[in-house]
Amino acid sequence: MKNISLWISTMRLRTLPLSISGIILASCLAEYNGFFNWKICVLAILTTLSLQILSNLANDYGDGVKGTDNNDRIGPVRAIQSGKISPDDMFNAIRINILISIGLAFALIFSAFGVKHFLLTMLFFVLGVACIVAAIRYTMGSNAYGYRGLGDVFVFVFFGLVSVIGCYVLFAKTIDHVVFLPACTIGLLSMGVLNLNNMRDIISDEKSNKMTFAVKLGQNKVKVYHTVLIGLAMVLSALFGLLYYTSPYNLIFVVAYIPLIIHLIKVNKNSVPKLLDLELKKLALTTVFLAILMGIGHLL
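Let us look at the structure shown here. (Residues numbered from 1 in each chain as written. Predicted model: local features only at pLDDT ≥ 70, side-chain atom pairs only at ≥ 80, totals over all residues. Heavy atoms only, no water.)

1. Let's talk about a positive patch on the surface
Thought 1: A grouping of Lys 66, Arg 137, Arg 148 and Lys 216 is seen on the molecular surface, where their side chains present a positively charged patch.
Thought 2: Owing to a relative accessible area of 35%, Lys 66 belongs among the partly exposed residues under this scheme. (Patch = residues over 30% accessible without salt bridge, like charges linked within 9 Å, V, L, I, M, F, W, Y side chains within 5 Å. Areas by Shrake-Rupley, 256 points an atom, 1.4 Å probe, with all protein chains shown as cover. Salt bridge = Lys/Arg side-chain N within 4 Å of Asp/Glu carboxyl O. Lys, Arg positive; Asp, Glu negative; His and termini not counted. Charge placed at Lys NZ, Arg CZ, Asp CG, Glu CD. Buried < 20%, exposed > 50% of the residue type's maximum accessible area, 1.4 Å probe, protein only.)

Laid out in structure tokens, this is it:
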């Protein structure tokens, strides 16, 4: 039981709700347009969760073997860093998780498209492979993109565009203009979560030569960058509410602006790593909250 508990902790379950926020929002938009399917929704959630867990395991391995996770790091102690799981065991877990992700992705694509939509099937197989590679290559390998300040771009693409637009296409078999603003909103807020993580670890990352975008910007400019991310997400979500307005219920998501504004005030006033870690958790939950309200509000 202790070993199972250790592996569950290594999967970092607290990161999972953020990963499915785009799926929730896309599902609501699909339901509004009459395309929703429970089987596709459940498989999309399971596939996304498996990819997020894969990313978490790969990050633990990549940062662990490179020595980036050390005593200077402020965040939760990682498994390899603590010595509780060996690099070889972690690598084997990653390989098993890749197989699980491939199986779930195959089931999802086949359930969504079958043999009737060959081009979409091929496109999503390529997209599935890209998702797996992106999950692994954030910190693993000699040319990991997380060490070159490209993590923010990949988060926007996969947590925002692929999550919302891709999931909607699984339901509808086509792209609709209604999904673009929500996709960008979730993508920007997810970038904010990653940016907070990098702000928290900016000192230890710089020492370890992990050149995240936060390290490249520096302590002062990274706060401006963070404010732009969150502010732009609020602007785009508000624009979505106004452009697709049909009833006052469509705008219930503006309630989530309150914790977002409070969050920006706290982040801009402080640079204490432990406070940033707390704000990271709050921002992730607020993103999920906003996604749910945007989706439900569009249905009402």
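Let us keep going from here.
2. As for the packing of helix α12 (residues 221–243) against helix α13 (residues 257–269)
Thought 1: At their nearest, the axes of α12 and α13 sit 10 Å apart, and the two run at 170 degrees to each other. Between α12 and α13, the angle falls in the class roughly antiparallel. Along the contact surface, α12 presents Lys 223, His 226, Thr 227, Ile 230, Met 234, Ser 237 and Ala 238, while α13 presents Tyr 257, Leu 260, Ile 261, His 263, Leu 264, Val 267, Asn 268 and Lys 269.
Thought 2: Looking at the contact of α12 with α13 residue by residue, the classes come out as eight nonpolar, five polar and two charged. (Axes fitted to C-alpha atoms, helices over the stretch in contact; angles between N-to-C directions. Helix = DSSP H or I, 4+ residues; strand = E, 2+ residues; numbered from the N terminus. Parallel < 35°, antiparallel > 145°, perpendicular 65-115°, else oblique. Contact = heavy atoms within 4.5 Å. Nonpolar A, V, L, I, M, F, W, Y, C, P; charged D, E, K, R; others polar.)

3. Digging into unusual backbone geometry
Thought 1: Backbone geometry at Arg 12 places phi at a positive 55 degrees, although glycine is not the residue there.
Thought 2: Relative to the helices and strands, Arg 12 resides in the loop between α1 (2–10) and α2 (16–19).
Thought 3: Residue Arg 12 is classed as partly exposed on the basis of its relative accessible area of 23%.
Thought 4: One non-glycine residue, Lys 173, adopts positive backbone phi at about 65 degrees.

4. Digging into the packing of aromatic side chains
Thought 1: One pass over the structure, following the stated rule, counts 13 aromatic pairs.
Thought 2: Geometrically, the ring pair formed by Phe 36 and Trp 38 is edge-to-face, given 5.0 Å between the ring centres and 85 degrees between the ring planes.
Thought 3: Geometrically, the ring pair formed by Tyr 61 and Phe 91 is tilted, given 5.6 Å between the ring centres and 45 degrees between the ring planes. Of this pair, Tyr 61 sits in helix α4 (residues 38–66) while Phe 91 is found in helix α6 (residues 87–113), placing the two residues 30 residues apart along the sequence.
Thought 4: Since its relative accessible area comes to 18%, Tyr 61 is described here as buried.
Thought 5: Note on Phe 91: relative accessible area 34%, which makes it partly exposed.
Thought 6: Three or more aromatic residues joined by ring pairs make a cluster, and in this case those are Tyr 138, Tyr 145, Phe 154 and Phe 158. (Phe/Tyr/Trp six-rings, centres within 6.5 Å; stacked < 30°, edge-to-face > 60°.)

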